[in-house]
Amino acid sequence: MRVLYFAWLRERIGVPREEVETSAATVAELVEELRGREDRYALAFSDLAAVRVAVDQEMTTLDAPLAGVREVAFFPPMTGG
Amino acid sequence: MAVRVQEPDFDIGAEMDALTAGNPDIGAVASFTGLVRSGAGEITEMELEHWPGVTEQALEAIEAEARGRWPLQGVTIIHRYGPLAPGARIVLVLTASPHRAAAFEAAEFIMDYLKTRAPFWKREVGPAGAKWVDAREADKQAETRWYTR
């Protein structure tokens with residue numbers, strides 16, 4: 001699936017998007033997989049309270065299921081205006 | 001188009017003219033313009049990142065919700081992205097209605113929802129370096145107060 005990163009998550013991970021092969025059943029499992037890969041992911045996801053997630057462009061939570069999902073986006077709380 | 005996300009600046013007068021043209025039933029237009037603050041010299045540039053495509057949808061949803069709550073005859077929401085200097089305009093909200101109360105309230109509602117629901121992220125650059133702006137609890141509370149109305 002496609003995984004997107006914005007703002008400081010993008011900076012810490014070093015890419016704005018990537019294709020990820022995963023069998024994770026939930027967003028939380030996907031985060032655990034990514035954290036285990038490399039330090040840059042562990043750093044980006046070190047404080048999950050500061051991370052928001054959207055699945056197929058809908059805001060959701062870390063316990064959201066990933067079955068049939070094409071795109072997961074991670075970002076900090078929004079600061080527009 | 002009522003909602004635009006763009007890099008260039010906007011002209012408030014031209015936007016107001018476009019919103020009200022040909023509609024003599026509009027009796028009030030409320031406008032809100034957000035500007036980049038310099039923070040007493042701590043900010044030399046503000047960089048705004050967004051999620052193309054999704055941002056526009058979020059703003060359209062916020063506009064639709066405002067139209068459901070107040071009798072509005074027109075809404076304009078323009079949000080800029082990219083690098084902006086102190087004093088630059090960031091965001092414009094125009095709400096047109098027969099009477100002022102609806103226009104004022106709808107503009108405030110749109111800004112409160114936009115701050116917490118539209119995918120924008122601010123990064124401040126200054127003499128001390130660059131820093132992503134943290135979301136403010138006050139903005140979340142400002143949004144929450146509309147739930148109970």
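If you're wondering where the values come from, they're calculated on a predicted model, not measured in any experiment. (Residues numbered from 1 in each chain as written. Chains lettered and ligands numbered in written order. Predicted model: local features only at pLDDT ≥ 70, side-chain atom pairs only at ≥ 80, totals over all residues. Heavy atoms only, no water.)

**What about the overall build of chain B?**
Phase 1: The helix and strand inventory of chain B stands at 4 helices and 8 strands.
Phase 2: Scaling as 2.2 N^0.38, a compact globule of 149 residues should have a C-alpha radius of gyration of about 15 Å, and chain B matches this with 16 Å.
Phase 3: Projected onto its principal axes, the C-alpha positions of chain B cover 50 × 35 × 30 Å.
Phase 4: Counting the 149 residues in chain B, one finds 45% classified as buried.
Phase 5: The contacts in chain B between residues at least 6 apart in sequence include a share of 77% that link residues at least 24 apart.
Phase 6: Of note, chain B has its 16 positive side-chain charges centred 4 Å away from the centre of its 22 negative side-chain charges. (Helix = DSSP H or I, 4+ residues; strand = E, 2+ residues; numbered from the N terminus. Rg over C-alpha atoms; globule rule 2.2 N^0.38 Å. Buried < 20%, exposed > 50% of the residue type's maximum accessible area, 1.4 Å probe, protein only. Contact = heavy atoms within 4.5 Å. Lys, Arg positive; Asp, Glu negative; His and termini not counted. Charge placed at Lys NZ, Arg CZ, Asp CG, Glu CD.)

**Considering the pairing of strand β8 (residues 129–132) of chain B**
Put simply, side chains in a regular strand alternate between the two faces of the sheet.
Residue and element names in this part refer to chain B.
Phase 1: With 4 bridges connecting them, strand β7 (residues 120–126) and β8 associate as antiparallel partners. Pairing of R123 across the sheet is with W132, part of β8.
Phase 2: Hairpin remark: β7 followed by β8, antiparallel, with 2 residues in the connecting loop. (Pairing = 2+ DSSP bridges.)

**Looking at the interface of chain A and chain B**
Reports of interface size often rely on the accessible area that becomes lost once the parts have come together.
Phase 1: Counting residues at the interface gives 17 residues for chain A and 23 residues for chain B.
Phase 2: At the boundary of chain A with chain B, total buried surface from both sides reaches about 1600 Å², with 60% on carbon and sulfur atoms.
Phase 3: The largest per-residue losses of area from chain A upon contact with chain B belong to A:M78, A:T79 and A:G81, which jointly make up 43% of the total buried on that side.
Phase 4: Here chain A is connected to chain B by 2 salt bridges.
Phase 5: Close ionic contact of A:R10 with B:E49 constitutes a salt bridge, the shortest N to O distance being 2.4 Å.
Phase 6: Between chain A and chain B we count 9 residue pairs in polar contact (both at pLDDT 80 or more) in total. (Buried area = accessible area lost by both parts, 1.4 Å probe. Salt bridge = Lys/Arg side-chain N within 4 Å of Asp/Glu carboxyl O. Polar contact = N/O pair within 3.5 Å; in protein donor to acceptor, adjacent residues only side chain to side chain.)

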